Amino acid sequence: MTNGYGYIGINAEKIPSLAVRQAIMHAINTQYAVDYYFGYSHAITRPMTKASWAYPTEKDEEGQFYKLADGETMAGKIAELMKAAGYTKNSKGIYTNGEHTCEYTFTIAGDTTDHPAYLSMKTAADILNANGFDIEVKPDINALKKLNSGDLSVWAAAWGAGVDPDMYQVYHKNSNASSVRAWGYPQILANEGAYAEENRILNEMSAIIDDARETDNQAERTALYEKAMGYVLDLAVELPVYQRKQLYAYNANVIDSASFPEKINPYSSPLDRIWEIKLNPGASTAAGSDSGTVIALVIAAVLVCVPASVVIIKKKKKAAQGYRIPLSEIDEEDLEDFRALKKMKW
């Protein structure tokens, strides 16, 4: 798998009611984003890369964090949350509390809706629009710039992650990272009365993150981070969605796959120890088989160290509709065109 994951975020400044944010998250079905990769991604239910030793894998068995309980309906759940938040419908049938009306834009980064999270967001918008919201899902080529300045209401993005699972930079109340602006932390912290529950969550979560930084005991840190991740979800500013599988394409007629490193993970690719990769018997080039040639051949045969976003999968969906094929849908026909263009032999 990759070392990062995709998520859908909500800015608590733009959507100040915790119950409204929870209603939005209940309407989002993350499985649509997982299915986008045709089996080359995992569902993820906690805000941390699954590649980390601190990720609580057993929590995935419980499914998506925001989901309906037995006997609940989506319309009923949304109505319950909106009533609890003090929202009623105006003359247009849109929920409002007199100061804030539930009219939002769900933003997809880029200039196209061809995005793993688009169907999750569009389906959620349809559900919400049928239940007192006014939602528009739009691509925006300036989305990442707006995200860094805290100007988006609801958006789809992805995190990269380091080896250590420290949550301070992304989630701590005292962090100076752009993520805290995206979550709406400045507004939360400056308005304790209006955001009483959010401040309670932030204070308790930040204390736990601090505690985890005070020990090097992995078991203790794992338990602390599990609690902290629960608070992130309670805050309803981030909904983890999917994590792509890490795949590599190589020519099995040339490369001896048994010579790949024993451990291949987001932090160690087959090319990290390229000098140890061997050719199959009989595989050689006209230039000979010295180490330089072997390395060159290995680089060509392994093609690219690609994540699942560039995995070779069949064009099952929109190719016939005349849209630009994204890297996530490259197939053998596309590769043949590429090889011809570059005049490469495989």
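**Overview of the packing of aromatic side chains**
Reasoning step 1: Overall, the coordinates contain 12 aromatic pairs when judged by the stated rule.
Reasoning step 2: Ring centres 6.4 Å apart and planes at 50 degrees place the aromatic pair Tyr 104 and Phe 133 in the tilted group. On the criterion of sequence distance, the pair formed by Tyr 104 in strand E5 (residues 103-109) and Phe 133 in the loop between helix H4 (118-129) and strand E6 (134-140) is long-range, its members being 29 residues apart. Across this residue pair, the class does not change: Tyr 104 and Phe 133 are buried.
Reasoning step 3: Taken together, the aromatic side chains of Tyr 7, Trp 155, Trp 159, Tyr 171 and Trp 183 make up a single cluster linked through ring pairs.

**As for the nonpolar core**
Reasoning step 1: Residues Ile 24, Phe 106 and Phe 133 are the most contacted members of the largest nonpolar core, which totals 40 residues.
Reasoning step 2: Those residues within four positions of Ile 24 in sequence are excluded, and the remaining contacts are Ile 10, Ile 15, Tyr 104, Phe 106, Leu 128 and Phe 133.

**A look at the pairing of strand E1 (residues 5-10)**
Reasoning step 1: Among the 6 residues that make up E1, 6 are buried, leaving the element largely enclosed by the rest of the structure.
Reasoning step 2: In E1, alternate side chains face the same way, and those of Tyr 5, Tyr 7 and Gly 9 on one face and Gly 6, Ile 8 and Ile 10 on the other are all buried.
Reasoning step 3: Bridge analysis of E1 against strand E7 (residues 154-159) gives 6 bridges, and the strand direction is antiparallel. The residue of E7 that forms the bridge with Gly 9 is Trp 155.

**Remarks on helix H10 (residues 218-235)**
Reasoning step 1: For H10, built from 18 residues, the straight-helix expectation of 26 Å at 1.5 Å per residue is met to within 8% by its first-to-last C-alpha distance of 26 Å.
Reasoning step 2: Taken residue by residue, H10 has Arg 221, Leu 224, Tyr 225, Ala 228, Met 229, Tyr 231, Val 232, Leu 233 and Leu 235 as its buried positions.
Reasoning step 3: Measuring from the backbone nitrogen of Ala 219 back to the side-chain oxygen at the start of H10 gives 3.1 Å, which picks out Asn 217 as the cap.
Reasoning step 4: Where H10 terminates, the next one or two residues include Ala 236, which has phi positive at roughly 60 degrees.

Criteria and cut-off values
- Per-chain numbering applies: the sequence of each chain, read as written, is numbered from 1 onward.
- The model is predicted, so local features are restricted to residues of pLDDT at least 70 and side-chain atom pairs to those at 80 or more, both for listing and for counting; the totals for chains, interfaces and linings are taken over all residues.
- The basis for every side-chain value is the complete set of heavy atoms in the structure, and neither hydrogens nor water enter the calculation.
- Note on aromatic contacts: the rings of Phe and Tyr and the six-membered ring of Trp form a pair at centre separations within 6.5 Å, being stacked when their planes are under 30 degrees apart, edge-to-face when over 60 apart, and tilted otherwise.
- Under the scheme used here, helices are H or I runs from DSSP no shorter than 4 residues and strands are E runs no shorter than 2 residues, and both carry numbers assigned from the N terminus.
- For every residue, the accessible area (1.4 Å probe, protein chains only) is compared with the maximum for its type, and the residue is labelled buried under 20%, exposed over 50%, or partly exposed between those bounds.
- Among the buried residues, those of types Ala, Val, Leu, Ile, Met, Phe, Trp, Tyr and Cys that are joined through side-chain atoms within 4.5 Å form a nonpolar core.
- For this analysis, residues touch if any pair of their heavy atoms sits within 4.5 Å.
- Pairing between strands is defined by DSSP: at least two bridges between them are needed.
- Expected span of a helix, by definition, is 1.5 Å for each gap between consecutive residues, and there is one gap fewer than residues.
- For this analysis, a polar contact is any N or O atom pair within 3.5 Å, provided that within protein one partner can donate a hydrogen and the other can accept it, and provided that sequence-adjacent residues contribute only side-chain to side-chain pairs.

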